[in-house]
Amino acid sequence: MQRILHTWKHGKWLTHLLIIAGGFIMIYPLLWLVSASFKPNTEIFKSGSFIPATFTLENYRYGWQGLSGVTFGHFFLNTFMLVAVCIVGNIISCSLAAFAFARLEFALRKVWFALMLVTMMLPFHVTIIPQYIMFNQLDMVNTYWPLMLPKFFAVEGFFVFLMVQFIRSIPRELDEAVKIDGGGPFKLYGYLIMPLALPAIITTTIFTFIWTWNDFFAQMLYISELKLYTVSLGLRMFLDAMGQNQWGAMFAMSTLSLIPLFVVFVFFQRYLIEGIATGSLKG
Amino acid sequence: MNPKLKNALKRNAVGYLFLSPWLLGLIGLSALPILASLYFSFTRYDMLTAPDWIGLENYRAMFGDQKWRNSMKVTLIYVFLGVPLQLIFALSVAMMLNRGIRGLRIYRAIYYVPSLFGGSVAVALLWRQLFGGEGLVNLLLRQIGLPGYNWIASPDTALYTLIVLKVWQFGAPMVIFLAALKQVPAELYEASRIDGAGRWKQFWRITLPLITPIVFFNVVMQTIQAFQAFTPAYIVSRGTGGPLDSTLFYTLYLYQKGFTHFQMGYAASMAWLLLIVIAFVTAMLFLSARRWVYYQE
Amino acid sequence: MKTRAKAFAMLVLSIVFALGVAACGGGKNSGGSTGGSGDSGGSAQTGSNSGGQSSGGSQETVEIRFTWWGDTARNDLYNAIVDRFEEEYPHIKVKREFGGWADYWDRLATQSAGGNAPDVVSMHQFYVADYAARGALLDLRTVIDSGELDVSLFPQSTLDSGTVNGTLVMIPKGVTMPGWVYNTATLDKLGIAYPDINWTYDDLINISRQVVEKSGGTMWGTPDMGGGQLQPNFRYFVRQNGEDLYTEDGKLGFSRDTLVKWWSMWKQMRDEKLIPDAATTAEYDGVPLEQNLFVTGKVALFQIPANQIYLYEQQFQEGEIHMVRMPTLPDGQNGEYLEGAYLSITAQSKHPKEAALFINFFVNNQRSLELFKVEQGSPANTEMAEFVKPLLAAPQARAVDFIQTVIPYASSAVYAPAGATEVEAAFKDNATAIAFGQKTVEQAADDFIAAANRILQQ
């Protein structure tokens, strides 16, 4: 509190004002979502205020019970597991590839790098059909394999490229220190690059979590059994364009599903912002 | 064996060892679908029966397709307007939040909240609420005496509401910028302050040059992703492409052609053409990088 | 040396760990479980089939897959029906898959492409032509002839509505008819007389004028029905003029004149501000039920399928929802044709007989119908239609009455050829262009006809 008053007095009030106003614009939809989750279905679209005329927890109860005895909690667990595996896969495979591209020399390196970038440029709607056929032949449809397996093979060029850029920002002189001690590429990877590229790894964690959590199309295609449903499939369950929609339940579950995302982000961003990064550069 | 050759082989072996997961993935998981889609682009393929070779027919038809030209136009506007705007915001906010002022930790999280929504139905609903004929935006405008307008449902403004949506969800590049800013060694700032450099000079001489690799990353990635943007247009226009195709993004049209009209061959040719366009733009960006991106290698 | 090995070992261990978690998580849920919540306890009734004959032969467990579109309420309902089926036929396990409307079709197309289509699929008029024309659906005559599927109590017109190019490819779960609705309370408040069941287009325009006038301009008469989909509104008009959307051989079945008359009528209404302007129409395009123009009180008349009457009645605090026929043309013919929601068997299915038994249970068995009632329309089986009547609440009973009143007016309707979805898109685009003032009616009509002919040539 004292610090806030301090900055106020020192004329940074304009910055503060902007930040607060901006902040409100950022979370306005969140406020709307949360308030709608406490309103009954018939009221949601009729009134514009944040305070529900009729406060109800029915949406949460109805939404949580899910369908046919499979609760939303089950969907959360499924998604947590899926996301955890995806994060591990991405970190390992993408960092290996990024290290190779950024620090090692080998034949055709630039060609492979270009190819990696190109794979990101093809819209997935056209590769999804042959990919589905492929996974179907392998009998992996209606499991999590099609969603998890690619993560262990650095299929998401976004993270490879991200890590490449971070690694390239690390001065080469530091490599010398490791080499002088007699370390080979493995040591370089494990002891120098990985720790220094921690911001990139954390970023990868955050984004993999959020994108996998929110991913819809692939999950919809590959998972058809209720017990395997993830959160995003569960949320879609409440809507049907041809009939009635359970808006309240959907908003309630959406609000709940934002919580893990928010928590993960807040938790990890502390490492991003409050600088584990600067540690080893001084040595 | 010749020691130089031995070394070269060893280097290559190590390189390929680290690269192997990716390479395996490329050959085992990605290559087949990618090549298959290329094949489809030369066929008429309705997904229910076998593909039928028709050569360059799809490509030729594309250039004569008015909707295709329109979707390309819509996408180009989205990319060249949306990406710079979003990145400027992202960098500005990242810099603001990087100041180290304690009380602002919550704000960092708050500024990321929009990006948590992703492409959810809730966002689409809200956007229509905000920008519709009787939405919040019009309400505010009328308060200050300006006339309202149906921003989200008028062909001349609908696309811009989607650009606003993109800018609003600047959290992802912002986080990446924050990570990059954190990598700039604090000693450099201290040293320059001793030399009497002000904040602006610090930004231009220290911060910006050192984060150019990440700026470059964000520019390239946001461009590639913006060209393929699908979800915002899909959820806000409910799959229609907006009033009079004004929000018919390229991949949305592609999706319609493939899944709704059962013309997967045409969709595939659209995809490959897009790939060429994106590859071209990316190559230009990479070429330009030599001028302004600074690696500490 | 030691530390390098240690790091490497840790790397390998984490990969193994992750894969292990994946195998546990992915593995235990796949392959092993079938049929979801199929264990409904209770005594299994072996061998008692009402309304169908079992295909003699092996009683080893067969698994079939059934998909549908719907929301949670319907999902619960259908799961219950499927549970009952599994009780009747313990040797058949049914795996259930469902999704929202749009996702349903994306997934079905992908699964079909991948050779992984379910056995029993819910089918709809919008897409049946596409699937049937490409041989994706089984000819149901085969399972009717071999006895698994009994359609003896189905009126011929209902079977006709499931016939594409002479092949019976789908059976209605429920038959419905479209109509126009109004809320009695709304019209009472405005002091407007209810439309007659056989009202005309002129009546539509007149009532709209009254609505606008008496509401002081706060309400419109109806939404803009000039564009959007070809069915049912435009199609009824076309049929009333003695034509149809398409001809038997897959060409456009109506004249430019009819089209111009239709679009001109709606343009006139738009100019008179009896219907919403182009931007508002675009804004409300595809909006969910709870948010549409009728429910939010912006229009007084609305067009819906009869089976949704009860949904709408729930949305209003007061008044009842009554339905009248689609507006008629004074010297025209009857436009009615049967609509509904259907069930098909995919040609890829490896268990067509079991699939047929399932469909048979679904549409003919009392234990199914007592839950289904009129969920997606009135049952086609005439006995079952009578059977469910006493189980219905007032709005649903009203819907069934309406449907039964109007069915006699129905005549057969030609199914759209493959490529119809593109023709629809052209229709909608041109109508929207007129609404936004970018084209004249004449121009749009020309453009549409040209586009449609080009699409249908292929």
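Since we're looking at a predicted model, the values are computed, not measured. (Residues numbered from 1 in each chain as written. Chains lettered and ligands numbered in written order. Predicted model: local features only at pLDDT ≥ 70, side-chain atom pairs only at ≥ 80, totals over all residues. Heavy atoms only, no water.)

So, the confidence of the model for chain B
Across chain B, the average pLDDT comes to 89, with 97% of residues at or above 70. As scored by the predictor, the complex reaches a pTM of 0.86 and an ipTM of 0.86. (pLDDT = per-residue confidence, 0-100.)

Brief notes about the nonpolar core
Nonpolar side chains tend to gather and get buried jointly when the protein is soluble and globular. Judged by nonpolar contacts, the single largest core of 355 residues is most densely connected at Y131, W263 and F448 of chain C. The leading source of residues in this core is helix α5 (residues 72-103) of chain A, at 18 residues. Apart from residues lying up to four places away in sequence, Y131 of chain C is in contact with L48 and F262 of chain B together with W105, L108, A109, S112, M123, A136 and L137 of chain C. (Core = buried A, V, L, I, M, F, W, Y, C linked by side-chain atoms within 4.5 Å. Buried < 20%, exposed > 50% of the residue type's maximum accessible area, 1.4 Å probe, protein only. Helix = DSSP H or I, 4+ residues; strand = E, 2+ residues; numbered from the N terminus. Contact = heavy atoms within 4.5 Å.)

Digging into unusual backbone geometry
Put simply, Q231 of chain C and P232 of chain C share a cis peptide bond, and its omega is -5°. Structurally, P232 of chain C can be placed in the loop between α8 (201-214) and α9 (233-240). For D139 of chain A, which is not a glycine, the phi torsion comes out positive at approximately 65°. Assignment of secondary structure puts D139 of chain A in the loop between α7 (124-137) and α8 (145-148).

Here's the deal with the packing of helix α2 (residues 57-64) of chain B against helix α3 (residues 66-97) of chain B
All names here are of chain B. The interhelical angle for the contact between α2 and α3, taken along N-to-C directions, is 75°, at an axis separation of 5 Å. Regarding the angle of α2 to α3, the classification is roughly perpendicular. Along the contact surface, α2 presents M62, F63 and G64, while α3 presents Q66, W68 and R69. Looking at the contact of α2 with α3 residue by residue, the class counts come to 3 nonpolar, 2 polar and 1 charged. (Axes fitted to C-alpha atoms, helices over the stretch in contact; angles between N-to-C directions. Parallel < 35°, antiparallel > 145°, perpendicular 65-115°, else oblique. Nonpolar A, V, L, I, M, F, W, Y, C, P; charged D, E, K, R; others polar.)

A closer look at the pattern of salt bridges
Residue and element names in this part refer to chain C. On inspection of all chains with the given rule, the structure shows 33 salt bridges over all chains. Of the charged contacts in the structure, one is a salt bridge between R96 and E86, with a shortest N-O distance of 3.1 Å. Placement of the pair is R96 in strand β2 (residues 92-99) and E86 in helix α2 (residues 72-88), with a sequence separation of 10 residues. Classification of R96 by relative accessible area gives buried; the value is 7%. Of the charged contacts, one joins R367 and E87 as a salt bridge, the two residues approaching to 3.3 Å between their closest N and O atoms. On the criterion of sequence distance, the pair formed by R367 in helix α14 (residues 366-372) and E87 in helix α2 is long-range, its members being 280 residues apart. Judged by relative accessible area, which is 24%, R367 ranks as partly exposed. A relative accessible area of 18% means that E87 is categorised as buried. (Salt bridge = Lys/Arg side-chain N within 4 Å of Asp/Glu carboxyl O.)

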